[in-house]
Amino acid sequence: SLFHIPYFKLIIYSLDTTSKNDTPDDKNIPLNLQRLFGLMQLTPGPCSTTELTKSFGWEQQEIFMQHDAQEFCRQFLDNLEMKMQGTNLETAIPSLFRGKMQTGFRCRNVPYENFKEEDFYDISLDVEASSTLDESFQKIVEADPLIGDNQYDTGPEFGKQDADMKTEYILFPKILHLHLRRFKYDPSVGNYVKINKKYSYPEIIDLSPYMSKIDEDPNNDNHMYYELFGVLVHWGTIIGGHYYAYIRTTKERKWYEFNDAKVTEVSPEIAIEGNFGGPDENRNITAPTENRNSNQPPPERLYSAYMLIYVRQDSIDKIFEEVKDDRIPEHVVNYIHMKEQ
């Protein structure tokens, strides 16, 4: 999914990975990412990720372990951002993926508030108690009243006051990663379980209702529209599973399924609605007649969206501007030619 964000790919190609440093090639994550992106852009067919995963320090046992995609993405972007510190690309990753939120208290009857601001690179959304993306966001920004015996203490300035504890978004990033919390700890079984219920999300969403401060001038367009460009799917259970992705690779509304070495064009319905999760309505229809049971509810699907990638509409043109072959670093092209010999 990161490869198919052209502006991100251009950032990776712009990294200086040839200057003298103490990191050998097989431990150099940015270098091996450049090489992998170059191979994917210049060569037909599937490309091996072995050299990249080796640069993570992964051996065979890590490669065959199930890793959490959201946690991996966050650590991966953190690693790249850290390696860009002190360079002209220092703000490149934050400029695409970093948002800002604040959590704190706002008094109802006196002019006092106390908020703490923090950055985020993805947003985790509740699935168990929500059925839609909008419901999950509403739960996050919903005020928790502190009144009566539970008043908020402002200190010597105003003392105890009726207040609201709130989480508010100050800035949404150009590329928004949403993590759907489909795994939860179940104390009755003493382990994590997967939530397979139906959870829907739109192709286009307006995030302005969840912002902290919106310009109230009616002549200004305050909407913050985001378009869906990626659906990362988890198939399986907590014990074992498989990730694959549905991605729009350009500004066009064409969707492709990326499932390991196989890439297939699919309809928007398959890419989007097909991964809401919930009951598999077709299971009884396609089952042999002797196995059908009209009284038995259809089983839940084992596959559903786990991460969503939205891009802000006013940034789409810049982010999806084509990266031509001549932007690939010369040392990467030479490496690819050497591998082909």
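Cut-offs and rules
- Residues numbered from 1 in each chain as written.
- Predicted model: local features only at pLDDT ≥ 70, side-chain atom pairs only at ≥ 80, totals over all residues.
- Heavy atoms only, no water.
- Phe/Tyr/Trp six-rings, centres within 6.5 Å; stacked < 30°, edge-to-face > 60°.
- Helix = DSSP H or I, 4+ residues; strand = E, 2+ residues; numbered from the N terminus.
- Buried < 20%, exposed > 50% of the residue type's maximum accessible area, 1.4 Å probe, protein only.
- Lys NZ or Arg CZ within 6 Å of the ring centre and 35° of its normal.
- pLDDT = per-residue confidence, 0-100.
- Contact = heavy atoms within 4.5 Å.
- Salt bridge = Lys/Arg side-chain N within 4 Å of Asp/Glu carboxyl O.
- Patch = residues over 30% accessible without salt bridge, like charges linked within 9 Å, V, L, I, M, F, W, Y side chains within 5 Å.
- Areas by Shrake-Rupley, 256 points an atom, 1.4 Å probe, with all protein chains shown as cover.
- 1 Å grid on protein atoms, 1.4 Å probe; cavity = no way out; pocket = protein on both sides within 12 Å on 5 of 7 lines; lining within 4 Å.
- Points joined across faces, edges and corners; volume = space filled by probe spheres on them.
- Nonpolar A, V, L, I, M, F, W, Y, C, P; charged D, E, K, R; others polar.

### Observations regarding the packing of aromatic side chains
In this description, a pair of aromatic rings is defined by centroid distance and the angle of the planes.
Link 1 in the chain: Applying the stated criterion across every chain yields a total of 23 aromatic pairs.
Link 2 in the chain: Between F8 and F37, the aromatic rings sit 6.3 Å apart at their centres with planes inclined by 70 degrees, giving edge-to-face as the arrangement. A residue pair is termed long-range when its members are at least 10 positions apart, and F8 in helix α1 (residues 6–14) and F37 in helix α2 (residues 29–42) qualify at 29 residues. Pair check on accessibility: F8 and F37 agree, each one buried.
Link 3 in the chain: Measuring from centroid to centroid gives 6.0 Å for W58 and F72, while their planes differ by 50 degrees, and the two rings are tilted. Of this pair, W58 sits in the loop between α3 (50–55) and α4 (60–63) while F72 sits in helix α5 (residues 69–83), and the two are 14 residues apart along the sequence.
Link 4 in the chain: The partly exposed category is assigned to F72, whose relative accessible area is 31%.
Link 5 in the chain: Among the aromatic side chains, those forming a connected cluster through ring pairs are F120, F137, Y169, F172, Y210 and Y226.
Link 6 in the chain: One Lys or Arg, K9, reaches over the ring of F3 and ends 4.1 Å from the middle of that ring.
Link 7 in the chain: Over the face of the ring belonging to F229 we find R248, whose NZ or CZ atom lies 3.8 Å from the ring centre.

### Notes on the confidence of the model for the protein chain
Link 1 in the chain: When pLDDT is averaged along the protein chain, the result is 90; 92% of the residues meet or exceed 70.
Link 2 in the chain: For residues 284–289, every residue scores under 50 in pLDDT, and the model assigns this stretch 5 contacts once sequence neighbours within four places are set aside.

### Considerations on the pattern of salt bridges
Link 1 in the chain: Counted by the stated rule, this structure contains 17 salt bridges.
Link 2 in the chain: Across the pair D164 and R108 runs a salt bridge, and its minimum N-O distance is 2.9 Å. Separated by 56 residues along the polypeptide, D164 in strand β7 (residues 163–171) and R108 in the loop between β1 (99–107) and β2 (113–120) bring together distant segments of the chain.
Link 3 in the chain: Judged by relative accessible area, D164 falls into the buried class, the value being 16%.

### Some remarks on a nonpolar patch on the surface
Link 1 in the chain: A surface patch of nonpolar side chains, about 450 Å² in accessible area, is lined by Y185, Y192, I238 and I239.
Link 2 in the chain: Relative accessible area serves as the criterion here: at 31%, I238 is assigned to the partly exposed category.

### Here we look at the layout of surface pockets
Link 1 in the chain: Of the pockets and cavities examined, the largest pocket occupies roughly 2000 Å³.
Link 2 in the chain: Around the largest pocket sit 47 residues that line it, and S1, T49, F72, Y243 and D260 are the ones nearest its centre.
Link 3 in the chain: Elements that contribute at least two residues to the lining of the largest pocket include exactly α2, α3, α4, α5, β12 (225–236), β13 (241–248) and β16 (303–312).
Link 4 in the chain: The leading source of residues in the lining of the largest pocket is β13, at 6 residues.
Link 5 in the chain: Looking at the lining of the largest pocket residue by residue, the classes come out as 30 nonpolar, 14 polar and 3 charged.

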